[in-house]
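The primary structure of each chain is shown beneath.
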Amino acid sequence: MTTTEPSYLENQSHRKGLASWIFSTDHKRIGVLYLISILIFFSVGVLIGVVMRLKMLWPGTHLYSAAAYNAFFTVHGVIQIFLFIIPGIPAAFGNFILPLQIGAKDVAFPRLNLLSWWVYVIGALLALTALFSGNGPPDTGWSFYVPYSLRTNTNVTLAVFAAFILGFSSILTGLNFITTIHRMRCPGMSWFRMPLFTWSLYATAWIQILATPILAVTLIMVMAERILNLGLFDPGRGGDPLLYQHLFWIYSHPAVYIMILPAMGVVSDVIPAFCRKNIYGYKAIAFSSLAIAFVGYLVWAHHMFTSGMSNTARMVFSLLTFLVAIPSGVKVFNWIATMYKASIKIEPPMLFAMTFLFLFAIGGLTGLLNGALATDINVHETYYVVGHFHYTMFGGTGMGFFAALLYWFPKMTGKMYNKRTIVVAWAHIFVGFNLLYFTMMIMGWLGMPRRYYSYPPQYHTYHVVATVGSWILATGVFMFLGAFLVALKKGTKVAANPWDATTLEWKTASPPPTENFQTIPTVTGGPYEFKDGHPA
Amino acid sequence: MNRAYANTTVAVDSVFWFIAGASALLLLLVTGLMVFFAIKYHRSRHPQAQETYESTLLEITWTLIPTALVMVMFWYGYRAFLTMRNVPADALTVKVTGMMWKWGFEYPNGKKTEVLFVPLNKPVRLNLKSVDVIHGFYIPAFRLKEDVVPGKDNYLWFQPQGMGAADIYCSQFCGLKHAYMMSRVEVLSEADFTAWYTSTNTTVAGTLNLSALPGIPLMQSKGCLICHRLDGTRGTGPSLLGIFGRTETVIENGKEKSVVVDDAYLRRALKEPSAEIVKGYADVMPPVPNLTEQDLETIVATLKQLK
Ligand code: HEM
Ligand SMILES: [Cu+2]
């Protein structure tokens, strides 16, 4: 390739330094901005998690007060959900990679794209302000359940407003991606030649624009009730607290698919690249993403099996929950079938894709006990659930995010990280993760409720083991992130396509030029076609 | 002490073992295949990937078998759940009140307690009421839980099948002292229960009548009972049963000595918990927050009665 054009990393605008980044409308620069902000919040969230675990080494009053613990789990949850895992893969890697994968010069609405990052930052700043102003940080948990969230005099209103603002960032990104995918594909890039990562972003974007407004309305209702003393949710004023739970989960259940689908997309791109083989069941994977996006709306009330809904409602939601689990299971079989008779090289992205498979399988299978009515009654609102959702969100989406970072970092920066450091970090993450979260599931089944500042002595050993796990895990996570910082300075230069992968983003330079491609490519085949062990 | 359990424990555990077992097998299958392929088809052994052709039959099979399996799981879960919802007509009905941050129980004859006493092998129905925010009434030993929602009439039922005591927790976050919103259920023999239920005197043979002691709710609210049990068994701290007058080895400034527990010792244990550490225990007891002279007196008086 005869790249003479400067890469996007070289400033070509009239602005200088930082301003050339934070006012850039280049999707790649915006992707990098998102990546950096998201990783900062993720790190803060992890540190808070470690501080929570430290307290749980002992029952009773230690280190800090119950009020502080209640604020910690709320802030930890809000950060990890609204600032890390929901924007996560789409905002950082979707922004950077999606236009490249479909041979476009940018997204459909570049300025809207920049606006969405600004909205994200403003939302995040508001959330931080909520911690340090008013009557102290919110203490409701990230789910803001009424009537407690209406009565507590901590700074709930502002925190809820921050989540409301963040929702708009999500909607804008979704809108942008749908339009981009419909309108900007290069010649020959038919729907069924799109990489599965792009497919997953497409499905995700639909959920983002359809579900997020429900959250916005719900949060507005909470704010209105707190400020104007309406009686929407508070039974003391004639409201219905379960209405809140329904509204909240009508958004927040589909939101778990906003979290997981993009990670599934990453894995669907990574596995063929390191297997040198076409993905097994391309259409099945693409369609199951869409299926999940739409039927995912029908199962929200499985978060409310103990809320006192009628037996019939509980039965129907349990049944639907089991049915919705099937497409995800089928995807796992597809990925594993892709490895059959492949030629596998376990480079770091593949290592993390396989870790995703393992941890997500545990997350999914342990979800079956949540889906079955009798057993969910026991584990609901215990550490079992805390363990389970860390397996799906952190073990699933988090590992997918890590795999994406490992896979596309060379594309984004033109540099390669130290693979050995990554493997050592991986070993820590793997051991620490299972020690921490599997132990949580065990004590949860034994009855340890979640959001508990203290606990009865029979759970002590489990808490100690989990806390030790959190140290190992956090060490691994920071070693992992550190490897990229080092690579920025000292990484070896890589060629355009270091992994010998097939999709379009690898056909341009690393890092790509501002206009992405010197000439807009024309696509003649499927996304994962190899010939003699190299991209066809 | 025996472990209390109920019909619901049995019903839920059988579903648990079925689903957990099936899940473990599936996990083994998926992980096993993944690792096996990664080794067998590693590039060093298998430099050239072979095309595999998609088989519709295979895809239908791996969709239908899991579907059938999860339908069975659904059905078992649902059936056991129905057992948990269909209350026998002759059940003893107890009114449960959840409030920030304690549980109260009221029996049909007007008896009020803070510990739930129930008779062995008799169905018990609990009608759940909240006077403030949403709480969650949870008895892990019975695998039972239902939210206590203000303005809503939720219920639970169970039939105890093993005598003894079990913890009751609040499972729905309800603010500052959520973690201390605990109580206990005591399963008594039918005779003991009737004796307790019909007498005006609230003491039960073999069971401490905790609710009659004024210091117990206070100690509960101060979090003492999280670390200290009242049944002679070891918790994070020593059991407080029979504490008054017993001889103990304590460590003061690194030196062991023997003391007989009296008024002064108890007061010091509460005011300066780290001054004298009972041998074999960690120095983890926190100073009691906002301890008034009156609280101190109530607690010491109560400890004397715990015989
Ligand atoms: C080393 C990393 C982490 C540690 C040590 C950690 C630890 C914890 C702990 C101790 C709790 C509270 C348990 C309780 O008292 O109920 C918690 C809750 C939570 N965590 Fe994490 N966590 C970590 C990473 C993450 C990540 C990556 C995510 C998101 C993907 C996440 C999402 C959440 C959420 C949503 C909650 C619920 C908060 C609530 O109850 O409102 N955590 N975590
Ligand atoms: Cu409560």
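Note that residues are indexed from 1 along each chain, following the sequence as it is written. Each chain is given a letter, starting from A, and each ligand a number, starting from 1, according to the order in which they appear as written. This being a predicted model, a pLDDT of at least 70 is required before a residue's local features are given, and a value of 80 or more before pairs of side-chain atoms are given or counted; all residues contribute to the totals for chains, interfaces and linings. Heavy atoms throughout the structure, all of them, feed into the side-chain values; hydrogens and water do not.

### Observations concerning the overall build of chain A
In this description a helix means any DSSP run of H or I spanning at least four residues, a strand means any run of E spanning at least two, and both kinds are numbered starting from the N terminus. Along chain A, the regular secondary structure elements total 16 helices and four strands. Radius of gyration here uses only the C-alpha atoms, and the compact-globule reference equals 2.2 Å multiplied by the residue count raised to the power 0.38. For a compact globule of 536 residues, the expected C-alpha radius of gyration is about 24 Å, and chain A comes in at 23 Å, within 12% of that figure. Overall, chain A is about 70 × 50 × 45 Å in size when its C-alpha atoms are taken along their principal axes. With 536 residues in all, chain A has 68% of them scored as buried. Relative accessibility decides the category of a residue: with a 1.4 Å probe and only protein chains considered, values under 20% of the type maximum give buried, values over 50% give exposed, and everything between is partly exposed.

### So, the environment of A:Met412
Residues and elements named next belong to chain A. Its location among the elements puts Met 412 in helix 14 (residues 383-413). Taking the relative accessible area as the measure of exposure, Met 412 reaches 2% and is therefore buried. Should any heavy atoms of two residues lie within 4.5 Å, those residues are counted as being in contact. Residue contacts for Met 412: discarding those within four places in its chain leaves Tyr 8, Leu 9, Val 32, Leu 35, Phe 93, Phe 96 and Pro 511.

### Quick look at the interface of chain A and chain B
Opposite the 91 residues of chain A that make contact, chain B presents 78 residues. When chain A packs against chain B, close to 7300 Å² is buried across both sides, 68% of that on carbon and sulfur atoms. It is A:Tyr280, A:Phe333 and A:Lys341 in chain A that bury the most area against chain B; as a group they hold 9% of the surface buried on that side. The salt bridge criterion pairs a side-chain nitrogen of Lys or Arg with a carboxyl oxygen of Asp or Glu, the two atoms within 4 Å. Summed over the shared surface of chain A and chain B, the result is one salt bridge. One salt bridge connects B:Glu146 with A:Arg314, and the closest N-O pair in it is separated by 3.0 Å. Think of a polar contact as two N or O atoms within 3.5 Å of one another; within protein, one of them needs to be a possible hydrogen donor and the other a possible acceptor, and neighboring residues in sequence only count if both atoms come from side chains. Summed over the shared surface of chain A and chain B, the result is 26 residue pairs in polar contact (both at pLDDT 80 or more). Buried area counts how much accessible surface, traced with a 1.4 Å probe, disappears from two parts once they are put together, with both parts' losses summed.

### A closer look at the site of ligand 1
All names here are of chain A. Nearness is judged by heavy atoms alone; a residue qualifies as near a molecule or strand once a single heavy atom is within 4 Å of it. Near ligand 1 you find 26 residues, and of these Tyr 69, His 76, Trp 142, His 390 and Arg 451 are the closest. Between His 390 and ligand 1, the recorded distance is 2.7 Å, taken from a side-chain N or O atom to a nitrogen atom. Elements represented by at least two residues in the shell around ligand 1 include exactly helix 2 (27-55), helix 3 (66-85), helix 14, helix 15 (419-445) and helix 16 (460-490). Sorting elements by how many residues they give to the shell around ligand 1 places helix 3 first, with seven residues. Residues belonging to the shell around ligand 1 are distributed by class as follows: 16 nonpolar, seven polar and three charged. Residue type decides the class: Asp, Glu, Lys and Arg count as charged, Ala, Val, Leu, Ile, Met, Phe, Trp, Tyr, Cys and Pro as nonpolar, and the leftover types, Gly among them, as polar.

### A look at the domain arrangement of chain B
Segmentation into domains, and thus their bounds, comes from an automatic or database assignment. Looking at the assigned domains, one finds that chain B contains domain 1 (8-85), domain 2 (92-199) and domain 3 (216-305). Computed over C-alpha atoms, the centres of domain 2 of chain B and domain 3 of chain B are 28 Å apart.

### Quick notes on the coordination of the iron atom of ligand 1
Water is not among the atoms examined, so metal sites may look incomplete; donors are the N, O and S atoms within 2.8 Å of the metal, or within 3.2 Å for Na, K and Ca. Listed as protein donors to the iron atom of ligand 1 are A:His76 (NE2) and A:His390 (NE2); their distances from the metal cover 2.0 Å. Overall, the relative accessible area of 14% leaves A:His76 in the buried class.

### Notes on the packing of aromatic side chains
Residue and element names in this part refer to chain A. Whether two aromatic rings pair depends on their centres lying within 6.5 Å, for rings of Phe, Tyr and Trp, where Trp uses its six-membered ring; planes under 30 degrees apart make the pair stacked, over 60 edge-to-face, and the rest tilted. Overall, the coordinates contain 78 aromatic pairs over all chains when judged by the stated rule. Ring centres 5.8 Å apart and planes at 80° place the aromatic pair Trp 335 and Phe 356 in the edge-to-face group. Taken as a pair, Trp 335 in helix 11 (residues 311-339) and Phe 356 in helix 12 (residues 348-371) lie far apart in primary sequence, 21 residues in all. An identical accessibility class is assigned to Trp 335 and Phe 356; each is buried.

### A few points about unusual backbone geometry
The amide bond that connects A:Val146 to the next residue, A:Pro147, takes the cis arrangement and shows omega of -10°. Here A:Pro147 shows up in the loop between helix 5 (110-132) and helix 6 (148-151). Cis geometry marks the peptide bond from A:Ser510 to A:Pro511; its omega dihedral reads -5°. Positive phi outside glycine occurs at A:Arg276, with the angle close to 50°. Take A:Arg276: it is sitting in the loop between helix 9 (241-275) and helix 10 (282-295). A positive phi is found at B:Arg143, a non-glycine position, where the angle reads about 60°. Relative to the helices and strands, B:Arg143 is located in the loop between strand 7 (135-139) and strand 8 (144-148).

### A closer look at helix 2 of chain A
All names here are of chain A. To estimate how far a helix should extend, the number of its residues minus one is multiplied by 1.5 Å. A rise of 1.5 Å per residue sets the reference length of helix 2, with its 29 residues, at 42 Å; its end C-alpha atoms lie 42 Å apart and thus fit the reference within 8%. With 23 of its 29 residues buried, helix 2 lies for the most part within the structure. Capping the start of helix 2 is the job of one residue whose side-chain oxygen sits 2.9 Å from the backbone nitrogen of Lys 28: Asp 26.

### Points about the coordination of the copper ion (ligand 2)
All names here are of chain B. Those donors, His 135 (ND1), Cys 170 (SG) and Cys 174 (SG), are the protein atoms that reach the copper ion (ligand 2), and they lie 2.0 to 2.3 Å from it. Within one chain, the residues serving as donors to the copper ion (ligand 2) are arranged as H-x34-C-x3-C. Remark: Cys 174 occurs in the loop between strand 11 (164-170) and strand 12 (183-188) and His 135 occurs in strand 7; sequence separation between them is 39 residues. Both residues of the pair, His 135 and Cys 174, belong to the buried class.

### Focus on empty space enclosed by the protein
All names here are of chain A. Grid spacing is 1 Å over the protein atoms alone, the probe is 1.4 Å, and a cavity is where that probe fits but cannot get out, while a pocket is an open set with protein on both sides within 12 Å along at least five of seven lines and lining residues have an atom within 4 Å of a point. Grid points are joined across faces, edges and corners, and a volume is the space filled by probe spheres set on the points. One pass over the full model with this rule turns up seven cavities of 30 Å³ or more. By volume, the second largest cavity is sized at about 130 Å³. Lining the second largest cavity are 16 residues, and of these Phe 82, Ile 86, Pro 87, Leu 166 and Ser 170 lie nearest its centre. Counting only elements with at least two residues in the lining of the second largest cavity, the list comes to helix 4 (88-101), helix 7 (156-183) and helix 8 (196-228). Among the elements that line the lining of the second largest cavity, the one with the most residues is helix 7, at six residues. For the lining of the second largest cavity, the residue count by class is eleven nonpolar, five polar and no charged.

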